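# Observations on the model geometry
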Amino acid sequence: VVTRESPRDAVAGFLAAGRTQEWMLAAHYLNLGKLNAAQQRRNGPELAQRLFYVLETQVWFDLETIPDDPTGATDKTPAQKEVQVASIPLRSGMQGIRLSRVADTQGKQVWVVSTATVQAIDDLHDRYGPSPLVEKLPAWARANAVLGLEPWQWAGLVVLVGVCWFFGWVVEKTAVAIARSWSRRRKTELNPELTRLIEGPGGMISGLVLVVLTLPWLRLVASAEQVIGRIVTILVILVVTRAAVRLVNYGASLVEAHGQEHLTDDVRRRAVATRVTTARRITAALVWIVGIALAMMQFTVVRNLGWSLLGSAGIAGAILGFAAQKTFSNVFAGIIISLTQPIRIGDTVVVEKEF
């Protein structure tokens, strides 16, 4: 059964045939009008297999965005003869993956992969197809995919993570060694907080960046590569957030130490310590809020929810402010008092001759 009544049917049917490796069936979704009958039977399945491999590794289709109307029309566009469902970069530019509306042998209008796209299959496969080394792997290493990944890809992913972890560890130790060497030349002692600031984030970010750069070598399916890419992005955001909090703590400790060293009045020392502690906690909380928000925005559902909440923030803010105005006023008053120090321990207050 071949379902080609709409662009969405054609894409879904081609992907379904490819995932069950029914290449003869998948060939019916290609416009092979440039080939004679014998060439269609001989070359059609191979072309379908090549195109499927490229689409699986390079495109993550959202079928809801592909027109479901037999004429290719959408709410914003009229009936069309061709519909572009994806685009893939090639050296010569972007290669569109297009569907065209043609008449089948019985005169019925159906949607198939356009002739221009079929002619570009070999170029796409040369650019994004499996490497000669992968093609030499035994059959068991390229069969029985689990969660969309073949056994050799799972093994490669484990090796890749191990290599990137080792690379990050080397970068981390090298950075610390350079910092200690620089500290010895200046005849100063390296602050432990500064060492912690260099060690963790530097190594982890280096390893995660290497994962992003080398991940395309595994030729994963587009859905798996996108999921792994999002996970890596979230990890980078959280690592940078943690590094920023450590930097804030380190800067606060330097300011507090400077105040304790140069101030002789104990009251002023305590005032500086209070201001620094308050500013450090507020800044760290804001950094964590921003970092977690950016991490959660990597998910489409959360991003849409965030924009919806942002649109209603005016009304929600007014309601929340009115309901909790006393609580907020006490919080802000406490912060202002701790920072400005209008009264201190030891001050004398007289109100209407009362001590």
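Up top is the structure.
In what follows, the accompanying structure is described. (Residues numbered from 1 in each chain as written. Predicted model: local features only at pLDDT ≥ 70, side-chain atom pairs only at ≥ 80, totals over all residues. Heavy atoms only, no water.)

### Some remarks on the pairing of strand β1 (residues 82-90)
Bridging between β1 and strand β2 (residues 93-103) involves eight bridges; their strand directions are antiparallel. Its bridge partner being in β2, Gln84 is matched across the sheet by Arg98. Here β1 folds back onto β2 in antiparallel fashion, the turn holding two residues. (Pairing = 2+ DSSP bridges. Helix = DSSP H or I, 4+ residues; strand = E, 2+ residues; numbered from the N terminus.)

### Some words on the sheet that holds β1
Pairing in this open sheet of three strands is antiparallel, and the strands run β1-β2-β3 from one edge to the other. Pairing within the sheet leaves two strands with one partner each, and these edge strands are β1 and β3 (109-113). Neighbouring strand axes in the sheet, compared pairwise and without regard to direction, differ in orientation by 25° on average. Here helix α1 (residues 7-19) sits on the sheet in contact with β1, β2 and β3, set at roughly 110° to β2. (Axes fitted to C-alpha atoms, helices over the stretch in contact; angles between N-to-C directions. Contact = heavy atoms within 4.5 Å.)

### Digging into the pairing of β3
The side chains of a regular strand alternate, residue by residue, between the two faces of the sheet. For β3, the tally of buried residues reaches four of five residues, placing the bulk of the element in the interior. Linking β2 back to β3 in an antiparallel pair, the connection comprises five residues, with Gly107 at a positive phi of about 85°. (Buried < 20%, exposed > 50% of the residue type's maximum accessible area, 1.4 Å probe, protein only.)

### Details of the side chain of Arg4
With respect to the helices, strands and loops of the structure, Arg4 is situated in the segment before α1. We note that Arg4 is buried and unpaired, the nearest opposite charge coming from Asp104 at a distance of 4.3 Å. Residues contacting Arg4, with those up to four places away along its chain left out, are Asp9, Ala10, His28, Tyr29, Asp104, Val110, Trp111 and Val112. (Lys, Arg positive; Asp, Glu negative; His and termini not counted. Salt bridge = Lys/Arg side-chain N within 4 Å of Asp/Glu carboxyl O.)

### A few points about the nonpolar core
With 33 residues, the main nonpolar core has Phe14, Leu30, Leu55, Phe61, Val85 and Ile88 as its most contacted residues. Counting residues per element, this core draws most heavily on helix α3 (residues 37-58), at six residues. Setting aside chain neighbours within four positions, we find Phe14 in contact with Ala26, Tyr29, Leu30, Ala48, Leu51, Phe52 and Leu55. If you look at the next biggest cluster of nonpolar residues, it comprises eight residues, including Leu157, Leu215, Ile228 and Val232. (Core = buried A, V, L, I, M, F, W, Y, C linked by side-chain atoms within 4.5 Å.)

### Points about the packing of aromatic side chains
Overall, the coordinates contain three aromatic pairs when judged by the stated rule. For the pair Phe166 and Trp169, a centre-to-centre distance of 6.0 Å together with 25° between the ring planes defines the contact as stacked. A residue pair is termed a helical-turn pair when its members lie 3 or 4 positions apart in one helix, as Phe166 and Trp169 do in helix α7 (residues 151-185) at three residues. Pairwise contacts between aromatic rings join Phe14, Trp23 and Phe52 into one cluster. (Phe/Tyr/Trp six-rings, centres within 6.5 Å; stacked < 30°, edge-to-face > 60°.)

### Remarks on the pattern of salt bridges
Across all of its chains, the model carries seven salt bridges by this definition. Ionic pairing is found between Arg50 and Glu46, a salt bridge with its closest N-O pair at 3.8 Å. Of this pair, Arg50 and Glu46 both sit in helix α3, four residues apart, which is roughly one turn of that helix. On the basis of relative accessibility, which here comes to 24%, the residue Arg50 falls in the partly exposed class. When the shortest N-O distance is used, the salt bridge between Arg98 and Glu82 registers 2.9 Å. One end of the pair, Arg98, is in strand β2; the other, Glu82, is in strand β1, with 16 residues separating them in the sequence. With a relative accessible area of 27%, Arg98 lands in the partly exposed category. Using a relative accessible area of 34% as the deciding quantity, one classes Glu82 as partly exposed.

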